[in-house]
Amino acid sequence: MKASIGGYTRAETVSHALSLLAEANGAGRLLAGGQSLIAALNLGTTSGDMLIDIAGIGALRGARIDGNRLIIGALTRHADIASDPLIAEHAPLLAKAAPLVAHDAIRNRGTIGGSLAYADPAAEYPACAIALDATIILEGPNGTRQVAAQDFFLGLFETARADDEILAAIAVPMAADGERHVIREAARRSGDYALAGLAVVRRDGRHRIGAFALGDRPLLCEGAMAALDGGDIDGAVAALATDVDPTSDTQASAAYRRHLAGVLLRRIAIDLGVG
Ligand SMILES: Cc1cc2nc3c(=O)[nH]c(=O)nc-3n(C[C@H](O)[C@H](O)[C@H](O)COP(=O)(O)OP(=O)(O)OC[C@H]3O[C@@H](n4cnc5c(N)ncnc54)[C@H](O)[C@@H]3O)c2cc1C
């Protein structure tokens, strides 16, 4: 199907993009890497949008240190997340997640901000953001707003971002000495969306687990986290089965996804030397 769009404008700056969004009066749609949006337009699942191309806004690209946080601009591409030494050192979970996202062609254009804003429950970065206890930075007509990642993802493709806001960056607490970051997923083929996945951070002896493809949004698995903190792997796997809330679809049944989650957690426990 041919994409139906209402118009196209290239934004030069964040404030330009915000005024274009305001002018579009609810019909504005930000275009970043286009790897999800263009597919949706071609499929006709979204149409008539006024496309506001933000891909050229340099201020939204790249990583920098700010106090004890690493700020990663929304337009930082998956390929750059995988190769940036600052991200590898201070947010290794994201560097490990990036190669699991799709294929080279998509990683060369798709952006971390696009992935977080799109909020696909099977995507890797949203679950990493939750495991990292990251903060989502939004720019809107009334200035900057910061939302804990845990509170940002509200449901299937639904976030706390208002229509007139731009996701500007993600702020990640910088990894401390001895902190461990692990991500594992099960997918039918390399590059496919995961059937089930877990992102885990161990910080100061405590664990944070973000689950993806295991519910209608990325999930913080608090029952499994508490059991893992106590070194109880069997308890963590049992708790995980109720922390997650997968559905059955053409790819896998809910029961199979739950089973996979338990297998992944046991492997991660081995990676971390827990139990
Ligand atoms: C074949 C295929 C396989 C894929 N596999 C995976 C996978 O395994 N894992 C995975 O995580 N992803 C996967 N993706 C999705 C890919 O990672 C996309 O790049 C990503 O979801 C969207 O990023 P984008 O920059 O391309 O955003 P776009 O497609 O440009 O935008 C996506 C949505 O986010 C909004 N948006 C974009 N940027 C912003 C912003 N800064 N502020 C507010 N709203 C914004 C847009 O308006 C749009 O609604 C796959 C895509 C394809 C086509």
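Cut-offs applied
- Residues numbered from 1 in each chain as written.
- Predicted model: local features only at pLDDT ≥ 70, side-chain atom pairs only at ≥ 80, totals over all residues.
- Heavy atoms only, no water.
- Pairing = 2+ DSSP bridges.
- Helix = DSSP H or I, 4+ residues; strand = E, 2+ residues; numbered from the N terminus.
- Contact = heavy atoms within 4.5 Å.
- Axes fitted to C-alpha atoms, helices over the stretch in contact; angles between N-to-C directions.
- Parallel < 35°, antiparallel > 145°, perpendicular 65-115°, else oblique.
- Left-handed = near helix turned anticlockwise from the far one by under 90°.
- Buried < 20%, exposed > 50% of the residue type's maximum accessible area, 1.4 Å probe, protein only.

If you check an unreviewed UniProt entry, the protein appears there as Xanthine dehydrogenase family protein subunit M from Jiella pacifica.

### Description of the sheet that holds strand E11 (residues 180–186)
What links the strands of a sheet is backbone hydrogen bonding, and the strands pair in either a parallel or an antiparallel sense. An order of E11-E12-E13-E14 is seen for the 4 strands of this open sheet, with the pairing classed as antiparallel. Looking at strand neighbours, the two that pair on one side only are E11 and strand E14 (219–220), the edges of this open sheet. Bridge count for E11 against strand E12 (residues 196–203) is 7 bridges, and the pairing is antiparallel. Paired with His-181 across the bridge in E12 is Val-201. The sheet contacts of helix H8 (residues 124–131) involve E11, E12, strand E13 (206–212) and E14, and relative to E13 the element is tilted by about 160°.

### Structural notes on the packing of helix H11 (residues 233–243) against helix H12 (residues 254–272)
Between H11 and H12, whose axes approach to 9 Å, the crossing angle comes to 150°. Comparing their axes, H12 and H11 come out roughly antiparallel. Crossing geometry of H11 relative to H12 is assigned as right-handed. On H12, the residues that touch Ile-233, Asp-234, Ala-236, Val-237, Leu-240 and Ala-241 of H11 are Arg-258, Ala-261, Gly-262, Leu-265, Arg-266 and Ala-269.

### As for the sheet that holds strand E1 (residues 5–10)
Across the sheet, 3 strands lie side by side as E1-E3-E2; this open sheet has parallel pairing. Since the sheet does not close on itself, it has two edges, and those belong to E1 and strand E2 (28–31), each with one partner. When the angles between neighbouring strand axes are averaged without regard to direction, this sheet yields 25°. Bridge count for E2 against strand E3 (residues 49–53) is 4 bridges, and the pairing is parallel. Bridge pairing in E3 links Leu-30 to Ile-52.

### Quick notes on unusual backbone geometry
Non-glycine residue Phe-157 carries a positive phi angle of around 55°. By the element assignment, Phe-157 lies in the loop between strand E8 (153–155) and strand E9 (158–159). Judged by its relative accessible area of 41%, Phe-157 is partly exposed. For Asp-204, which is not glycine, the phi torsion reads 50° and is therefore positive. Examined against the element boundaries, Asp-204 turns out to sit in the loop between E12 and E13.

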